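Summary of structural features
Here is what each chain is made of, one letter per residue.
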Amino acid sequence: MSTTIDRGTARGLPEWDRCAVMGVVNVTPDSFSDGGRWFDTTAAVKHGLDLVAEGADLVDVGGESTRPGATRVDEEEELRRVVPVVRGLAAEGVTVSVDTMRARVAARAVEAGAVLVNDVSGGLADPAMVPAVAAAEVPFVVMHWRGFSQDMNSLAVYDDVVTEVLAELRTRLDAVVAGGIDPERIVVDPGLGFAKLAPHDLALVAHLPELRALGRPLLVAASRKRFLGHVLAREGASPPPARERDAATAAVSALAAHAGAWAVRVHEVRATADAVRVARAVEGAA
Ligand code: PMM
C-alpha cells in the first residue's frame, strides 16, 4: 500500500507509514489527567513499557505538570523525576521523548537516551533551550504557547484562532531555526488546551490541514483535555472526569490521523493505536 497522506518526517526519528502514537508517562504527583499514578521510577518505566506493548511508537516522559493553574516544579526535582525514567525506557530500546521547558532537563534527558525534546513553550520558557537542542542535534517539538499555566486562561483571547495560532507558530519556527535548530528536525503542535477554550481547540482540530501548511510534521495532543469534557457533558451535568475521556480521545486520534497528523500524544494507547490503524487502512483504500 502506498501512503496517500504526506505527514512529513523529523530527521533523526524513525519513520512510520501511518500517524504515530506517542504514549504519555507523567512522572508527577499532580498532572492534569494521570497525575500521581506513575510517580515512582520503577512504576513509571513499567508503565512506559506497557504503553509500548499496547502500541505506542514512542513514549513522552514529563516531570512537570502543565495543567491550567499549575505552579512550576523545581529544576532539581524535575531532573530527579525524569532522568531515571528516560534512562530506563531507552535502555529497553524505547524511542523516548522528554517533555520539558528546561534546557538542562532536556540536555540531561538526551544524555540518558531521549531522542526528541518536546517543549510546550516552543523554546520561550528557557532562553537556553534552543541552543541546547541545536547543540544536541535532536528533533524538537515547537508547540503553540502564550504563557505559563498560572496565566494561560487569561491569554485565551483570539479573533481568529486558526490564523493567529498559525502566525504565532510560524514566528516561533523562524526563531528556533535562527537559533540554530535544523528545520528538518522540527515538529509543530497547536497546543490544544494551552491558552485556549473549548471552541478554540475544536476550531484547531477542524483546521489541522491548514497547520500542515507550515511544512513540518504535526503533533496533536488532545488526550483527556477539557474541550473533550465540554463536548461530552450532558445537559445540566458537569463534564466527565479526565479518565472518562479516552473514547473521545481516540475519536480525535482518528480525525487527526485522517487530517495528516504525524503523531498523536495520548495517555491511553490501545484505542488510539487502533484508531490510527483504521485511518491508515481507510487511506490505503482511497
Ligand atoms: N499537553 C500536555 C503536556 N505536554 N506536549 C505537547 N507537545 N502538546 C501538548 O498539547 C501537551 C504536551 C498537557 O497534558 P497532560 O498533563 O495531560 O499530559
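First, a word on scope: everything that follows refers to the structure included in this document. (Residues numbered from 1 in each chain as written. Predicted model: local features only at pLDDT ≥ 70, side-chain atom pairs only at ≥ 80, totals over all residues. Heavy atoms only, no water.)

A word on the overall build of the protein chain
Operational definition: For helices the rule is a DSSP run of H or I covering at least 4 residues; for strands it is a run of E covering at least 2, with both sets numbered from the N terminus onward. This radius of gyration counts C-alpha atoms alone. The globule rule is 2.2 Å times how many residues there are, raised to the power 0.38. Accessibility here uses a 1.4 Å probe with only protein chains present; expressed as a share of the type maximum, an area under 20% marks a residue as buried, one over 50% as exposed, and anything in between as partly exposed. Contact definition: two residues touch when any of their heavy atoms are within 4.5 Å. Areas reported as accessible are Shrake-Rupley estimates using a 1.4 Å probe. Residue values count occlusion only from the protein chains shown. His is not counted, nor are the chain ends, whereas Lys and Arg count as positive and Asp and Glu as negative. Charge coordinates come from a single atom per side chain, which is NZ of Lys, CZ of Arg, CG of Asp or CD of Glu.
Counting secondary structure elements, the protein chain contains ten helices and eight strands. In terms of overall size, the protein chain behaves like a compact globule, its C-alpha atoms giving a radius of gyration of 17 Å where 286 residues would be expected to give roughly 19 Å. Dimensions along the principal axes, computed over C-alpha positions, put the protein chain at roughly 45 × 45 × 40 Å. A burial count over the protein chain gives 56% of its 286 residues as buried. For the protein chain, long-range pairs separated by at least 24 residues make up 69% of all intrachain contacts whose partners lie at least 6 apart in sequence. Within the structure as shown, the protein chain displays about 11,500 Å² of accessible surface, and the carbon and sulfur contribution to it stands at 53%. The positive charge centre, built from 30 side chains, and the negative charge centre, built from 39, are 2 Å apart in the protein chain.

Describing the sheet that holds strand β8 (residues 263-266)
Sheet strands pair by backbone hydrogen bonding; their relative direction is either parallel or antiparallel. Where we set the bar: Should DSSP find at least two bridges between two strands, the strands are taken to pair. In this description, a line fitted to the C-alpha atoms serves as the axis of each element, helices being fitted only across the stretch in contact, and the angle between N-to-C directions of two axes falls anywhere from 0 to 180 degrees.
Judged by pairing direction, the sheet is parallel, and its eight strands sit side by side in the order β6-β5-β4-β3-β2-β1-β8-β7 without closing on themselves. At either margin of the open sheet sits one strand with a lone partner, and together these are β6 (186-189) and β7 (219-220). Of the strand pairs in this sheet, strand β1 (residues 20-26) and strand β2 (residues 58-62) are connected by five bridges, and their pairing is parallel. By the bridge assignment, V24 is partnered in β2 with D60. Relative to the sheet, helix α2 (residues 75-91) contacts β2 and β3 (96-99), its axis offset from that of β2 by approximately 160°.

Notes on the pairing of strand β5 (residues 140-143)
Here is the rule: Whether a crossover is right-handed depends on one test, that the path from the first strand over the helix to the second runs clockwise when the strands point away from the viewer.
Side chains F140 and V142 project from β5 onto one buried face, and the interleaved V141 and M143 project onto a second face that is buried too. Pairing of strand β4 (residues 116-119) with β5 involves three bridges; the strand directions are parallel. Its bridge partner lying in β5, N118 is registered against V141. With helix α4 (residues 129-136) bridging β4 and its parallel neighbour β5, the resulting β-α-β unit is right-handed.

Comments concerning the nonpolar core
What counts here: Take the buried residues of types Ala, Val, Leu, Ile, Met, Phe, Trp, Tyr and Cys, join any two whose side-chain atoms come within 4.5 Å, and each joined set is a nonpolar core.
One finds V61, V86, L89, V117, F140, I181 and V220 to be the most contacted residues of the largest nonpolar core, which totals 75 residues. It is helix α5 (residues 161-178) that contributes the most residues to this core, seven residues altogether. Each residue touching F140, except ones within four places of it in the same chain, is listed here: L116, V117, D119, G122, G123, M129, V133, V176, I181, R185, I186 and V187. Within the second largest apolar cluster, eleven residues are counted, among which are A10, A20, V187 and L219.

Points about the environment of G8
Tracing the backbone shows G8 in the segment before β1. Residues G8 and R212 lie 204 residues apart in sequence; the distance between their C-alpha atoms is 8.9 Å.

Some points on the packing of aromatic side chains
Heads up, the rule is: Each pair of aromatic rings taken from Phe, Tyr and Trp, with Trp reduced to its six-membered ring, is defined by centres within 6.5 Å and is described as stacked if the planes are under 30 degrees apart, edge-to-face if over 60, and tilted in the remaining cases.
According to the stated counting rule, one finds two aromatic pairs in the structure shown. Each ring, one from W16 and one from W262, has its centre 6.2 Å from the other, and the planes form 65°; the classification is edge-to-face. Within this pair, whereas W16 is found in the segment before β1, its partner W262 is found in the loop between α9 (246-258) and β8, the two being separated by 246 residues in sequence. Its relative accessible area of 4% is what places W262 among the buried residues. The interplanar angle of 90° and the centroid separation of 4.9 Å between the aromatic rings of W145 and F148 together place this pair among those described as edge-to-face.

Let's talk about the side chain of H267
This is how it is decided: In protein, a polar contact requires one atom able to donate a hydrogen and another able to accept it; more generally it is a pair of N or O atoms within 3.5 Å, and residues adjacent in sequence count only if both atoms are side-chain atoms.
One can find H267 in the loop between β8 and α10 (269-285). Side-chain polar atoms of H267 contact the side chain of S223, separated by 2.6 Å.

Structural notes on the environment of L218
With respect to the helices and strands, the residue L218 is situated in the loop between α7 (208-212) and β7. Separated by 134 residues in sequence, L218 and P84 place their C-alpha atoms 28 Å apart.

Considering the packing of helix α1 (residues 41-53) against α2
Between two packed helices, the angle of one axis relative to the other and the distance separating the axes together describe the packing. We apply this condition: Comment on the angle field: the value is read as roughly parallel under 35 degrees, roughly antiparallel over 145, roughly perpendicular from 65 to 115, and oblique elsewhere. Note on convention: the crossing is left-handed when the near helix lies turned anticlockwise from the far helix by less than a right angle, right-handed when the turn is clockwise. For this scheme, ten residues count as nonpolar: Ala, Val, Leu, Ile, Met, Phe, Trp, Tyr, Cys and Pro. Four count as charged, namely Asp, Glu, Lys and Arg, and the remainder, Gly too, count as polar.
Contact geometry of α1 with α2 gives a least axis separation of 9 Å together with a crossing angle of 40°. Between α1 and α2, the angle is such that the two are oblique. For the crossing formed where α1 meets α2, the hand is right-handed. Residues T41, A44, V45, G48 and L49 of α1 lie in contact with α2, whose contacting residues are P84, V85, G88 and L89. Within the contact of α1 with α2, the residues separate by chemical class into six nonpolar, three polar and no charged.

Things to note about the pattern of salt bridges
The condition is simple: By definition, a salt bridge exists where a carboxyl oxygen of Asp or Glu is found within 4 Å of a side-chain nitrogen of Lys or Arg.
Applying the stated criterion across every chain yields a total of 20 salt bridges. Among the ionic pairs, E78 bridges to R102, the shortest N-O distance being 2.7 Å. Of this pair, E78 sits in helix α2 while R102 is found in the loop between β3 and α3 (103-111), placing the two residues 24 residues apart along the sequence. One exposure class covers both E78 and R102, and it is buried.

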